[in-house]
Amino acid sequence: MKTSYLGKLINGIGLFLIVCIFVFPFVWMISTSFKTLGETLTFPPKWIPEQFIWENFAKAWNSGPFFKYFLNSLIVSVGILILQFLTIIPAAYAFARYKFAGSSLFFALTMITLMIPGQLIFLPVYLQMSSWGLLDTLWALILPFASSAFGIFMLRQSFMQIPEELLEAARFDEAPEWKIILKIMIPIAKPVLITFALFSFISHWNDYFWPLVMTTSDSARTLPLGISKLREVDGGIAWNVLMAGNMILVIPILIVFFFAQRQIIRAFVYTGVK
Amino acid sequence: MAWHKLRPYAMIAPAIVIFCLFFIYPIGYMIYLSFHEWNFVSPDKQFVGMQNFASLFGEREFIEVMQNTFIYTALTVSLTIVISLLLALWLNNNGSVYSLVQGAVFSPHIISLVSVSMLWMWLMDTDYGLLNWFLNLFGLANVSWLTDPSTSLFSLVIVAVWKGIGFNTLIFIAGLQSIPRDMYEAAQLDESSKARTFWKLTLPMLSPTLFFLTIIGMINSFQVFETISIMTQGGPINSTNTFVYYIYEYGFRYFKIGYSSAAGVLLLFIVGLLTILYFKLLAKRVHYR
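Procedures and definitions
- Residues numbered from 1 in each chain as written.
- Chains lettered and ligands numbered in written order.
- Predicted model: local features only at pLDDT ≥ 70, side-chain atom pairs only at ≥ 80, totals over all residues.
- Helix = DSSP H or I, 4+ residues; strand = E, 2+ residues; numbered from the N terminus.
- Rg over C-alpha atoms; globule rule 2.2 N^0.38 Å.
- Buried ≥ 20, exposed ≤ 12 C-beta atoms within 10 Å, placed from the backbone.
- Contact = placed C-beta atoms within 7 Å.
- Expected span 1.5 Å × (residues − 1).
- Bend = angle between axes of the 7 residues up to and from the residue.
- Domains from an automatic or database assignment.
- Nonpolar A, V, L, I, M, F, W, Y, C, P; charged D, E, K, R; others polar.
- Axes fitted to C-alpha atoms, helices over the stretch in contact; angles between N-to-C directions.
- Parallel < 35°, antiparallel > 145°, perpendicular 65-115°, else oblique.
- Left-handed = near helix turned anticlockwise from the far one by under 90°.

## As for the overall build of chain A
Moving on, step 1. Along chain A, the regular secondary structure elements total 15 helices and 0 strands.
Moving on, step 2. A globule of 274 residues ought to have a C-alpha radius of gyration of about 19 Å, yet chain A, at 24 Å, is considerably larger.
Moving on, step 3. For chain A, the spread of C-alpha atoms along the three principal axes comes to 75 × 70 × 30 Å.
Moving on, step 4. Buried positions account for 38% of the 274 residues belonging to chain A.
Moving on, step 5. When contacts within chain A are restricted to residue pairs at least 6 apart in sequence, long-range pairs at least 24 apart make up 76% of them.

## A few points about the overall build of chain B
Moving on, step 1. Looking only at helices and strands, one finds 12 helices and 2 strands in chain B.
Moving on, step 2. Secondary structure elements of chain B, listed N to C terminal, follow the sequence α-β-β-α-α-α-α-α-α-α-α-α-α-α.
Moving on, step 3. Oriented by its inertia axes, the alpha-carbon framework of chain B measures out at about 75 × 75 × 35 Å.

## Details of helix H1 (residues 5-33) of chain A
Moving on, step 1. Over its 29 residues, H1 of chain A runs 40 Å from end to end, which matches the ideal 42 Å to within 8%, given 1.5 Å per residue.
Moving on, step 2. For H1 of chain A, the principal kink sits at Val23 of chain A and spans about 45 degrees; a proline, Pro25 of chain A, occurs within the next four residues.
Moving on, step 3. Among all positions of H1 of chain A, only Phe22, Phe26, Met29, Thr32 and Ser33 of chain A are buried.
Moving on, step 4. The inward-facing, buried residues of H1 of chain A contact helix H2 (37-40), helix H3 (55-62) and helix H14 (239-259) of chain A together with helix H4 (96-106) and helix H5 (113-123) of chain B.

## Quick notes on the domain arrangement of chain A
Moving on, step 1. Looking at chain A, the domain boundaries give domain 1 (5-54) and domain 2 (64-232).
Moving on, step 2. Distance from the C-alpha centre of domain 1 of chain A to the C-alpha centre of domain 2 of chain A: 38 Å.

## Re the interface of chain B and chain A
Moving on, step 1. With 57 residues of chain B at the interface, the matching set in chain A holds 64 residues.
Moving on, step 2. Those elements giving two or more residues to the side of chain B that touches chain A turn out to be helix H1 (3-34), H4, H5, helix H6 (130-137), helix H7 (152-177), helix H10 (226-232), helix H11 (243-252) and helix H12 (257-285) of chain B.
Moving on, step 3. It is H1 of chain B that contributes the most residues to the side of chain B that touches chain A, 16 residues altogether.
Moving on, step 4. Within the side of chain B that touches chain A, the residues separate by chemical class into 45 nonpolar, 11 polar and 1 charged.

## Focus: the packing of H1 of chain A against H4 of chain B
Moving on, step 1. One way to put it is that H1 of chain A packs onto H4 of chain B with a least axis distance of 8 Å and a crossing angle of 25 degrees. Taken together, the axes of H1 of chain A and H4 of chain B lie roughly parallel to each other. The handedness of the crossing between H1 of chain A and H4 of chain B is left-handed. Contacts between H1 of chain A and H4 of chain B involve Leu15, Ile18, Val19, Phe22 and Val23 of chain A from the former and Val97, Val101, Ala104 and Val105 of chain B from the latter.

## So, the packing of helix H3 (residues 60-91) of chain B against H7 of chain B
All names here are of chain B.
Moving on, step 1. Two elements in contact, H3 and H7, have axes separated by 7 Å at closest approach and are oriented at 40 degrees. In terms of axis orientation, H3 runs oblique to H7. As H3 runs across H7, the sense of the crossing is right-handed.
Moving on, step 2. Tallied by class, the residues present in the contact of H3 with H7 amount to 19 nonpolar, 7 polar and no charged.

Listed below in structure tokens is the structure:
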């Protein structure tokens with residue numbers, strides 16, 4: 001392989017351009033969120049606002065019950081995560097470690113759900129929720145995701161890799177099964193659990209479709225929905241306030257991404273490599 | 001029965017109950033509804049047989065929706081796959097600069113589609129958007145990205161490709177890194193050219209990944225909703241109306257539950273076919289690995 005300086009330079013410029021294509025829109029979002037309305041409408045555009053207008057964030061935050069949205073988002077994302085842990089850990093353990101009649105049938109059923117996205121069946125689920133009187137409550141946002149086929153699949157893989165002798169030893173000491181799960185399985189599978197948690201939390205924190213379908217009032221709306229409603233403030237679109245509102249949604253995720261980039265990428269890429 | 005025999009069932013029960021209640025049963029219910037006419041309010045559902053399906057295909061608007069969805073899917077998936085593969089070949093390097101670039105390319109994937117949609121609405125604004133300013137720099141005229149029916153669907157494709165490239169690229173890189181080193185060494189010994197190595201070695205070894213990304217990409221694109229709901233609402237003049245948005249509109253705005261269920265069943269059928277196709281192809285390919 002020849003490495004010429006020119007080749008290195010071209011490669012470097014290329015890499016820089018790629019980074020720009022993906023990062024620059026976010027920079028533009030930040031820049032816009034600090035501008036005055038007048039500044040957003042200048043052409044050619046101003047890269048750095050003359051004054052940093054922090055007011056835009058207050059405007060966005062006060063244009064609706066944003067604290068409520070924020071709280072709802074947090075309750076839904078964390079609630080889903082807790083319920084998922086409670087349902088997937090025992091299920092994955094049973095699928096990985098027990099032989100029982102019908103286990104492959106139940107596992108097939110689990111895998112089928114992995115293939116059915118919510119976007120396909122929202123209408124019947126909506127009708128179901130309506131007949132149970134759960135529409136426009138946080139339950140309608142949490143319950144359908146209280147378990148995860150993906151989580152069971154992932155965790156089962158890692159439970160199956162744990163050597164049988166380890167369990168035999170524990171059973172010899174007459175440790176109950178729940179203790180084996182808590183003291184042996186979970187600590188060993190911890191990286192997988194963290195990976196899954198990141199994946200689940202980010203997906204539901206970002207979700208717009210399901211809350212849009214299941215809620216009709218502010219009492220159960222989440223942050224992405226609240227942000228999407230910002231368009232209707234003041235008649236015309238105020239891009240500075242709109243981008244400020246979106247920063248509230250994006251910045252926490254980007255900060256987490258900055259510190260846990262490896263784990264997050266692994267969490268999302270795992271779906272593809274299995 | 002002894003507890004140890006019941007125990008596995010008790011452990012999978014919560015998950016299975018959730019799956020049955022919110023995935024399996026709704027599918028049955030949707031199929032049932034697709035054979036009925038119902039406006040959500042009236043107490044009785046009237047059985048109409050295949051009529052909902054017949055009127056779906058008789059509706060010009062729905063034919064347009066199908067066309068839009070297919071065009072959107074074909075463009076999004078093919079562009080994403082080709083660009084991601086090229087990027088993966090370029091960025092497949094464990095150096096720290098490269099992992100930084102990989103992170104940057106991946107970042108849109110974890111951002112909410114709400115923010116991505118609004119950001120691109122702003123970038124694609126006809127009068128003050130950055131994209132048109134950029135075109136002007138090169139002496140090109142303004143494009144009405146989202147408000148012109150001839151460009152609106154393609155504008156949504158751009159957004160989807162931008163958001164999807166990172167995920168696809170990283171999966172391709174994972175695929176590339178799982179190809180055994182010694183195969184490349186053998187190719188080098190044979191003095192195989194770079195292009196030849198790519199076509200004869202890299203691409204065949206990558207084919208399971210390629211299948212996976214193509215099918216997953218198609219399944220996802222068929223269900224596009226968020227960008228449409230936020231950026232175009234299906235317009236202008238129906239040019240960006242697609243499957244899920246159509247189902248949503250007919251179910252929630254016009255309360256034609258049976259009719260929109262029929263569209264849902266059709267979509268489910270297409271996605272099911274794709275999934276089966278994927279597993280068939282995968283089963284055929286397994287012996288290569």
